[in-house]
Amino acid sequence: MSLISVQQLRSVRALAGYSDRDLETLVATGKPLRYTPQMKLFSEGDAARSCFLLLTGEVDVIKATANGPQLLATLKAGSFVGQIALVDNSPRSATIVARLETVVLEIDRDAFERLCATHAQVGLRFQELIAIAGIRQLRATTARLRDLLESKASRGELLYMQGALDEWDMPLAGDVAPTLELDYGRR
Amino acid sequence: MADNRDIIRRVRIFATLGDADCDAVLRIIKARRGEAGTVLFREGEPGATMIIVAEGELVAQVNSKLGAVEVARFGVGEVVGEAAVIDPAPRSATVTASARSLVYEFSRDGLKQLEQESPAAASALVRAVIRDVARRLREINQRIELELTGQVQRPSMSGEAPRSRRASMMGEPPVASQRSTSVPTPRPAMSPLAQPPPQSTKPALGKLLDKMRGNS
């Protein structure tokens, strides 16, 4: 018996436009996994080969910084984690730790490529979901950098805002839209 | 058609497309021509189209507390606003032709059509957007961390002209002046004297980290 039913995927808002058949295809593409609290889904710096769709539970997004590990966000059921890995070869950018008992659907890159080859439209729409999540995350992150730089500017510390806006405000970023539960700590 | 295909292939994200896929792209794009000063879209307006520069140059400006800031220039083969065809959102900048320009524009509906006629081209576009977003996210997160920890690499400003390709501060908000309510004078000092003292990021750091943890 699978840990995951089509009905559970139905509860994921981002997949609202998918037919039952599309969802069955996704379930068949992925691997259901259960994590107990404190278990890591993956660690920052790991090679990235798969993405995770959170079906129940919550996970923490933790990033190493010069000031020690920082909690960036807590993601709830319905979120995607690590989805960039399906398209991009970069290592994991953060560590993901289960906060509660968490059930995920893991989709790895090979399975995803097979999905794209056999169900081009389902694959394409899934890629669009990944893109949308990334774009919204980028908008929120850009807004955070802008806030940070503007608060420095208002204290007379402005100097390199120009450089920051230069690289980041165009063309993908700027306004904070509601995110696919991928809110990077901006509330 | 061959020349037009080459224009499509000159766009980085379409560089590897075959002829049939280029043709599918060509079917969904609309040519727009404008003189210097023509506004293609304005910051804050709803956006659902992307633009490929075929001739000329575009300049993007955003309103900030400092007035209008030029954030980017786009030359031939470059793409502006590609995120909007995937995730419509208000424009994050005002984009104006800085010289007589020809651009190709396509919409979200165009992307839908492309998905049907050329999944390869649609996939190339979407994957390119994802990679681009991933790269920018990595870089911006790095920048935030450097800002928070005070270890940001400061560029040398000694007698150095601002980079001409991208970004220079504008004393006046040229495009958005009717919409802007704040007066952006004086021009911010671009001098090493504006370096913050070493500990000055500490209170902001604590507050920001609290915000990040959701404790605010």
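As the structure is a computational prediction, the values presented were derived from the model and not from experiment. (Residues numbered from 1 in each chain as written. Chains lettered and ligands numbered in written order. Predicted model: local features only at pLDDT ≥ 70, side-chain atom pairs only at ≥ 80, totals over all residues. Heavy atoms only, no water.)

A. The environment of threonine 102 of chain A, seen in detail. Residues and elements named next belong to chain A. Positionally, threonine 102 belongs in strand β8 (residues 102–108). Distance from threonine 102 to leucine 55, taken between C-alpha atoms, is 7.4 Å for residues 47 residues apart in sequence. If we skip the residues at most four places from it in the chain, threonine 102 touches Leu33, Arg34, Tyr35, Leu54, Thr56, Gly57, Glu58 and Val59. Here leucine 100 takes part through its backbone oxygen, which lies 2.8 Å from a polar atom of the side chain of threonine 102. (Helix = DSSP H or I, 4+ residues; strand = E, 2+ residues; numbered from the N terminus. Contact = heavy atoms within 4.5 Å. Polar contact = N/O pair within 3.5 Å; in protein donor to acceptor, adjacent residues only side chain to side chain.)

B. Local environment of the environment of valine 80 of chain B. By the secondary structure assignment, valine 80 of chain B is in strand β7 (residues 79–80). Considered as a pair, valine 80 of chain B and alanine 60 of chain B are 20 residues apart in the sequence and their alpha carbons are 9.2 Å apart.

C. Geometry of the confidence of the model for chain B. Residue and element names in this part refer to chain B. In the predicted model, chain B carries a mean pLDDT of 71, and 68% of its residues have values of at least 70. The spread of mean pLDDT over the elements of chain B runs between helix α6 (residues 202–213), the lowest at 42, and strand β9 (residues 94–97), the highest at 94. Predicted confidence for residues 152–216 stays below pLDDT 50, and this span has 98 contacts to residues more than four positions away or in other chains. The ipTM assigned to the predicted complex is 0.73, against a pTM of 0.66. (pLDDT = per-residue confidence, 0-100.)

D. Representation of helix α2 (residues 19–28) of chain B within the structure. Extensive coverage of α2 of chain B is indicated by the burial of seven of its ten residues. Taken together, the buried positions of α2 of chain B are Asp21, Cys22, Asp23, Ala24, Val25, Leu26 and Ile28 of chain B. (Buried < 20%, exposed > 50% of the residue type's maximum accessible area, 1.4 Å probe, protein only.)

E. Summary view of the nonpolar core. Counting 73 residues, the largest nonpolar core has Leu9, Leu15, Leu26 and Phe126 of chain A together with Phe14, Ile86 and Phe106 of chain B as its most contacted members. Considering every element that reaches this core, the biggest residue donor is helix α5 (residues 119–149) of chain B, with 14 residues. The residues contacting leucine 26 of chain A, other than those within four sequence positions of it, are Leu9, Leu15, Tyr18, Leu105, Ile107, Leu115 and Phe126 of chain A. Grouped together as the second largest cluster of nonpolar side chains are 16 residues, Leu40, Leu58, Ala60 and Ala72 of chain B included. (Core = buried A, V, L, I, M, F, W, Y, C linked by side-chain atoms within 4.5 Å.)

F. Layout of helix α3 (residues 109–118) of chain A. Every buried residue belonging to α3 of chain A is among Arg109, Ala111, Phe112, Leu115 and Cys116 of chain A, and all of these are buried. One side of α3 of chain A carries all its buried residues, which in axial view fall inside an arc of 160°. For α3 of chain A, the exposed residues lying more than 90 degrees away from the buried face are Arg114, Ala117 and Thr118 of chain A. The elements touched by buried residues of α3 of chain A are α2 (20–29), β8 and α4 (120–154) of chain A together with α5 of chain B. Where α3 of chain A begins, the side chain of aspartate 108 of chain A points an oxygen toward the backbone nitrogen of aspartate 110 of chain A, at a separation of 3.1 Å. (Arc of directions from axis to C-beta.)

G. Molecular detail of the confidence of the model for chain A. Looking at chain A, the pLDDT average stands at 78 and 81% of residues meet or exceed 70. Residue range residues 158–187 of chain A is modelled with pLDDT below 50. Its contacts to residues more than four positions away, or to other chains, number 122 contacts.

H. Local environment of the packing of α2 of chain B against helix α4 (residues 108–117) of chain B. Residue and element names in this part refer to chain B. One way to put it is that α2 packs onto α4 with a least axis distance of 9 Å and a crossing angle of 155°. The angle between α2 and α4 falls in the class roughly antiparallel. Of the two elements, α2 crosses α4, and the hand of that crossing is right-handed. For the pair α2 and α4, the contacting residues are Ala24, Val25, Arg27 and Ile28 in the first and Gly110, Leu111, Gln113, Leu114 and Glu117 in the second. In terms of residue class, the contact of α2 with α4 is built from five nonpolar, two polar and two charged. (Axes fitted to C-alpha atoms, helices over the stretch in contact; angles between N-to-C directions. Parallel < 35°, antiparallel > 145°, perpendicular 65-115°, else oblique. Left-handed = near helix turned anticlockwise from the far one by under 90°. Nonpolar A, V, L, I, M, F, W, Y, C, P; charged D, E, K, R; others polar.)

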